[in-house]
Amino acid sequence: MNDDRAECGPLSQRLRELGASLDQYLRFEHPDAMSRYADWHGVLAQTLPEKGVGIEQVVGELGATVIANGSTIPNPGCTSFITTGATSVGVLASLAGSVASPQRIGLTAFNYLEELSLEWLAEMFELPSAMKGLYSSGGSVANLVALGAARQWAFERIGIDPSRDGVQRPCRIYATDASHHTVHRAAAVLGMGRKAVISIAADPQGRMCTEALRQQLQADLHKGEENNRDVLPVAIVANAGTTNAGVIDPLNEIAQLAKEFSIWFHVDGAYGLPGILDPRVRPLYEGLAKADSVIVDPHKWLGAPVGIGATFVRDRSLLNRAFTQEASDYLEGSVTDDNIQHSMDSLGIPYNDFGVELSAPSRGAVVWALIREIGKKGMRERVCRHNAMARRVAELARAHPNLQVVQEPTLSICCFRYISDDDGVECDLNALNKQIHRKLVQQGRSIPSTAVINGMLAIRPCFVGARTCWEHAEQLVEDVIAAGNELVRGERSD
Ligand SMILES: *Cc1c(COP(=O)(O)O)cnc(C)c1O
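Below is a summary of the structure that appears in this document. Values in this document were obtained by computation on a predicted structure and should not be read as measured data.

**Let's talk about the overall build of the chain**
Okay, step 1: Looking only at helices and strands, the chain has 14 helices and 12 strands in total.
Okay, step 2: For the chain, the C-alpha radius of gyration of 25 Å lies close to 23 Å, the compact-globule estimate for 494 residues.
Okay, step 3: A buried classification covers 50% of the 494 residues belonging to the chain.
Okay, step 4: When contacts within the chain are restricted to residue pairs at least 6 apart in sequence, those whose partners lie at least 24 apart make up 74%.

Written out as structure tokens, the structure is:
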């Protein structure tokens, strides 16, 4: 008896304790988690506790052992992949939701913000107001949901309900090799198979070659005519910001082809959709408004805590048909449509039938908070700053004899590499830059990732973190030069 001592009462004192540990963490002065692996691993690797230790000790261990050995990703010098730490207001709103809104059902303020913040996102990124949205856990699921709508639309046009009867035709999804691999996985999960994703050639900058797309569409259309059991084009996937290099496909030309061939036009803007806020690159988004579906990850550039992606579709009823669980007596029976007087009288907008999650956290309040805090103007300033920082890195690289720009920035990614001016000595630049990257990671101050562009391994910073500023961009360039010089000199002395 008396073992269920789970604390459910006032939070503020525990929050103060946890807050102190988090503030300490946010100074980014602690050594990397791996340098103390033995210490924390020794403390944490315990067998299943038979008896609990109580909340006070748990909060203490969270602070001393877990938080103190957390991730380096929120560090302002970390520009790896496309990921960053959340800003404070997003963390607070997320916490508020986990206390006061465990589900996105019912007529509550949290649930109202779910729809309102989706509308704000659509407006901020210039999507047509008819486009309705849905939150999910991130770009992976957001792409899955969008392609589920595309699949539904394509099959319904030939009289088949694929969500009820399954995929009865070989499908085609058209995308460049630079597309995120979650597109392939979505095709697999949706029963179309990864092989349904057909690779469309790209130009030297990595943008989809629309002439190649046209030829592929024409070839597939012919097959369809000869034998009506043959391939069914389901979607064209364009990138508004590729993961590798931040490249934007020619959206307007692709939109025109999609219209001409009556194919669903999906835009993956998980990372790059906020780029439309920067007036210098905004023209590249022409044609976005013609998309049938668009995704964006608030947990990338907008600084939300991880776990928030958004899908927008021209017709949300398609999502309902693609992802319905069908009426269930455990849900619908509990609510009423008339004389609504209580927040539990109605489930509210049935998001659980638009995607693949039933239970889900309140993500709308988080996105609402992020936008409410700094407004569209603040978001624009962040995006413009990060895009400008990528250009600054390119400028510094061009000006330095030992650096080379591998891919000119479109958004906030700059791919560049160290080159040796040591003429006469053949040098494997890919190996050298890989070593430079390893060195940077071990030093722990500037942590970019790498990308292979046209066979060249490049150092690849992606600036999306709200904490990341000009000094970090310049520091990174200096750190690459220093690491390269040291390695090349080391090689000579061998
Ligand atoms: C990050 C990314 C994804 C995947 O998003 P997750 O939130 O990591 O699931 C998909 N597409 C693009 C273009 C991305 O940059």
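**Considering the packing of helix α4 (residues 88–100) against helix α12 (residues 364–399)**
Okay, step 1: Where α4 contacts α12, the two axes come as close as 8 Å, and the packing angle between them is 150 degrees. Viewed along their axes, α4 and α12 adopt a mutual orientation that is roughly antiparallel. Handedness of the α4/α12 crossing: right-handed. Residues Val-89, Gly-90, Ala-93 and Ser-94 of α4 form the contact with α12, whose participating residues are Ala-365, Val-366, Ala-369, Leu-370 and Glu-373.
Okay, step 2: Considering only residue class, the contact of α4 with α12 consists of 6 nonpolar, 2 polar and 1 charged.

**What to know about helix α5 (residues 109–124)**
Okay, step 1: With 16 residues, α5 ought to run about 22 Å at 1.5 Å a step, and its terminal C-alpha atoms sit 22 Å apart, in line with that.
Okay, step 2: Restricting attention to buried positions, one finds in α5 the residues Phe-110, Asn-111, Leu-113, Glu-114, Glu-115, Leu-116, Ser-117, Leu-118, Leu-121, Ala-122 and Met-124.
Okay, step 3: Residues of α5 that are buried in the fold lie against α4, β2 (132–136), β8 (309–313), α11 (316–323) and α12.
Okay, step 4: A positive phi of about 60 degrees marks Glu-126, the residue just after α5.

**Side note on the side chain of Glu-357**
Okay, step 1: Inspection of the secondary structure puts Glu-357 in the loop between α11 and α12.
Okay, step 2: Of the polar contacts made by the side chain of Glu-357, one reaches the side chain of Arg-363; its length is 2.9 Å.
Okay, step 3: The contacts of Glu-357, once residues within four sequence positions are left out, are Arg-104, Tyr-135, Ser-136, Ser-137, Asn-352 and Arg-363.

**Re the environment of Gly-307**
Okay, step 1: Along the chain, the position of Gly-307 falls in the loop between β7 (293–296) and β8.
Okay, step 2: Sequence spacing of Gly-307 and Ala-431 is 124 residues, and the spatial spacing of their C-alpha atoms is 35 Å.
Okay, step 3: The residues contacting Gly-307, other than those within four sequence positions of it, are Ser-136, Ser-137, His-299 and Arg-363.

**Focus on the sheet that holds β2**
Two modes of strand pairing occur in sheets, parallel and antiparallel, and in both the strands are linked by backbone hydrogen bonds.
Okay, step 1: Taken in spatial order, the 7 strands of this open sheet run β2-β8-β7-β6-β5-β3-β4, and their pairing is mixed. Each having just a single partner strand, β2 and β4 (197–199) make up the two edges of the open sheet. Adjacent strand axes in the sheet meet at a mean angle of 25 degrees, parallel and antiparallel pairs treated alike.
Okay, step 2: Bridge count between strand β5 (residues 232–239) and strand β6 (residues 264–268): 5 bridges; the pairing is parallel. By the bridge assignment for β6, Asn-239 is matched with Asp-268.
Okay, step 3: Along the sheet face, helix α8 (residues 182–189) touches β3 (171–175), β4, β5 and β6 and points at about 145 degrees away from the line of β4.

**Re the pairing of strand β9 (residues 403–407)**
Okay, step 1: Of all 5 residues that make up β9, 4 are buried, and the element is covered over most of its length.
Okay, step 2: The pairing of β9 with strand β10 (residues 415–418) spans 4 bridges and is antiparallel. When the sheet's bridge partners are listed, Leu-403 is paired in β10 with Tyr-418.

**So, the side chain of Thr-468**
Okay, step 1: Looking at the secondary structure, you find Thr-468 in the loop between β12 (456–460) and α14 (470–493).
Okay, step 2: By relative accessible area, Thr-468 is classed as buried at 3%.
Okay, step 3: Not counting the four nearest positions on each side in its chain, Thr-468 is found in contact with Pro-76, Thr-79, Arg-385, His-386, Met-389 and Phe-463.

**With respect to the pairing of β3**
Okay, step 1: For β3, the tally of buried residues reaches 5 of 5 residues, placing the bulk of the element in the interior.
Okay, step 2: Judged by which residues are buried, β3 turns out to be covered on both faces: Cys-171, Ile-173 and Ala-175 on one side and Arg-172 and Tyr-174 on the other are all buried.
Okay, step 3: Sheet topology note: the β3/β5 ladder contains 4 bridges and is parallel. Bridge pairing in β5 links Cys-171 to Leu-232.
Okay, step 4: Chirality of the crossover, the property in question, places the unit of β3, α8 and β4 among those that are right-handed.

How each quantity is defined
Residues numbered from 1 in each chain as written. Predicted model: local features only at pLDDT ≥ 70, side-chain atom pairs only at ≥ 80, totals over all residues. Heavy atoms only, no water. Helix = DSSP H or I, 4+ residues; strand = E, 2+ residues; numbered from the N terminus. Rg over C-alpha atoms; globule rule 2.2 N^0.38 Å. Buried < 20%, exposed > 50% of the residue type's maximum accessible area, 1.4 Å probe, protein only. Contact = heavy atoms within 4.5 Å. Axes fitted to C-alpha atoms, helices over the stretch in contact; angles between N-to-C directions. Parallel < 35°, antiparallel > 145°, perpendicular 65-115°, else oblique. Left-handed = near helix turned anticlockwise from the far one by under 90°. Nonpolar A, V, L, I, M, F, W, Y, C, P; charged D, E, K, R; others polar. Expected span 1.5 Å × (residues − 1). Polar contact = N/O pair within 3.5 Å; in protein donor to acceptor, adjacent residues only side chain to side chain. Pairing = 2+ DSSP bridges. Right-handed = clockwise from strand over helix to strand, strands pointing away.

By themselves, these figures tell us nothing about what the structure is for.
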